[in-house]
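Results of the structural survey
Below are the chains, spelled out letter by letter.
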Amino acid sequence: MSTAVAQAFNGNLKAALAGLRRIELDGLRWRVFDAKGQVLGRLASQIATVVQGKDKPTYAPNRDDGDMCVIINAKDVCVTGRKMTDKFYRWHTGYIGHLKERSLKDQMAKDPTEVIRKAIMRMLPRNKLRDDRDRKLRIFAGSEHPFDDRAIEPYVMPPRQVREMRPRARRAMIRAQKKAEEQAQGSTNNTKKGKKRDNKPEAEISA
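What comes next concerns the included structure. Note that the structure is predicted; figures quoted are calculated from it, not measured.

How each quantity is defined
- Residues numbered from 1 in each chain as written.
- Predicted model: local features only at pLDDT ≥ 70, side-chain atom pairs only at ≥ 80, totals over all residues.
- Heavy atoms only, no water.
- Helix = DSSP H or I, 4+ residues; strand = E, 2+ residues; numbered from the N terminus.
- Buried < 20%, exposed > 50% of the residue type's maximum accessible area, 1.4 Å probe, protein only.
- Contact = heavy atoms within 4.5 Å.
- Areas by Shrake-Rupley, 256 points an atom, 1.4 Å probe, with all protein chains shown as cover.
- Pairing = 2+ DSSP bridges.
- Axes fitted to C-alpha atoms, helices over the stretch in contact; angles between N-to-C directions.
- Expected span 1.5 Å × (residues − 1).
- Polar contact = N/O pair within 3.5 Å; in protein donor to acceptor, adjacent residues only side chain to side chain.
- Patch = residues over 30% accessible without salt bridge, like charges linked within 9 Å, V, L, I, M, F, W, Y side chains within 5 Å.
- Salt bridge = Lys/Arg side-chain N within 4 Å of Asp/Glu carboxyl O.
- Lys, Arg positive; Asp, Glu negative; His and termini not counted.
- Charge placed at Lys NZ, Arg CZ, Asp CG, Glu CD.
- Phe/Tyr/Trp six-rings, centres within 6.5 Å; stacked < 30°, edge-to-face > 60°.

A tally of helices and strands in the protein yields eight helices and six strands. The helix and strand sequence of the protein, counted from the amino end, reads α-α-β-α-β-α-β-β-α-α-α-β-β-α. Counting over 207 residues, the protein shows a buried share of 28%. Across the protein, every contact between residues at least 6 apart in sequence was considered, and the portion connecting residues at least 24 apart equals 70%. Of the roughly 14700 Å² of accessible surface on the protein, 50% is carried by carbon and sulfur atoms.

What follows is the structure, given as structure tokens:
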């Protein structure tokens, strides 16, 4: 790594480069994932596929042929529903009664990189290749990373495939829309009748 790139990086350079010597970087690609605005689970599934090498025709479950994965903007990752407050990470310290827990919101405030790391690692098989694949994950909270001197390749996320609505749900939605339209029309008709009734006494008085 060049000294200019290392000086331009404002983060923890020692932690960013830890374990690189134990990885055979020959023939590996450097894939960059932008987590800004991405859903946590969908992003983690794509990274887990790349770090295992499942996107290559030479994939074998007993070999570690995955590419290096650089994830940026980890602090801007999104979640669906109420997971930000309802999802908890739990661990035990080893002492009696010391069961700790931390919500996703607190974990994002403390270390957002650990949120993405745990989501990816829980999608990987628990075997001897697990530690080597963990070293290929380089996660950064911001948009800067110290690997600009590498031949990095931005990863394009596939479009989201929305499942078609089931017939029963579609019919229920159509009925709800028709009911709402009828209620709206009924309210407008009632207002018109009320105006006509208010105008009749005025006409009688003028006569």
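What follows continues from the structure just given.
What follows deals with the sheet that holds strand E6 (residues 152–154). Ordered in space as E5-E2-E1-E6, the four strands form an open sheet in which the pairing is parallel. Edge positions in the sheet fall to strand E5 (137–139) and E6, since each has one partner strand and no second. Taking each pair of neighbouring strands and ignoring which way they run, the sheet shows an average axis angle of 25 degrees. Pairing of strand E1 (residues 30–34) with strand E2 (residues 68–72) involves five bridges; the strand directions are parallel. The partner of valine 32 across the bridge, within E2, is valine 70. Relative to E5, helix H6 (residues 112–121) is tilted by about 155 degrees, and along the sheet it contacts E2 and E5.

Positionally, phenylalanine 147 belongs in the loop between E5 and E6. Residue classification places phenylalanine 147 among the buried residues on the basis of a relative accessible area of 0%.

The terminal C-alpha atoms of helix H3 (residues 40–52) lie 18 Å apart, and with 13 residues this matches the ideal 18 Å at 1.5 Å per residue to within 8%. Looking at H3, one finds that the buried residues are Leu40, Leu43, Ala44, Ile47, Ala48, Val50, Val51 and Gln52. Of the surrounding secondary structure, the elements contacted by the buried residues of H3 are E1, E2, H6, helix H7 (130–135) and E5. Glycine 53 sits one or two residues past H3 and shows a positive phi near 80 degrees.

On to the side chain of arginine 31, then. Turning to its location among the elements, arginine 31 is positioned in strand E1. Classification of arginine 31 by relative accessible area gives buried; the value is 9%. A polar side-chain atom of arginine 31 sits 3.4 Å from a polar atom in the side chain of aspartate 55.

A few words on a positive patch on the surface. Taken together, Arg42, Lys83, Lys87, Arg122, Arg126 and Arg160 make up a surface patch of like positive charges. Within the secondary structure layout, arginine 160 lies in the loop between E6 and helix H8 (167–206).

Our next topic: the packing of aromatic side chains. Evaluation of the coordinates by the stated rule reveals three aromatic pairs. On the basis of an interplanar angle of 40 degrees and a centroid distance of 4.9 Å, the ring pair of tryptophan 30 and phenylalanine 147 is categorised as tilted. Pair noted here: tryptophan 30 is in strand E1 and phenylalanine 147 is in the loop between E5 and E6, with a separation of 117 residues, a long-range link. By the burial criterion, tryptophan 30 is buried, and phenylalanine 147 matches it. An aromatic cluster is defined as three or more aromatic residues linked by ring pairs; in this entry it consists of Trp30, Phe140 and Phe147.

Side chains of Met165, Met173 and Ile174 sit close together on the surface and give an oily, nonpolar patch of about 230 Å² of accessible area. Relative to the helices and strands, isoleucine 174 resides in helix H8.

Our next topic: the environment of serine 103. When you line up the elements, serine 103 lands in strand E4 (residues 99–103). Residues serine 103 and tyrosine 89, 14 residues apart in the sequence, show an inter-C-alpha distance of 6.2 Å. In this structure, serine 103 is in contact with Met84, Thr85, Lys87 and Phe88, ignoring residues within four places of it in sequence. A distance of 3.1 Å separates the side chain of serine 103 from the side chain of aspartate 106, its partner in a polar contact.

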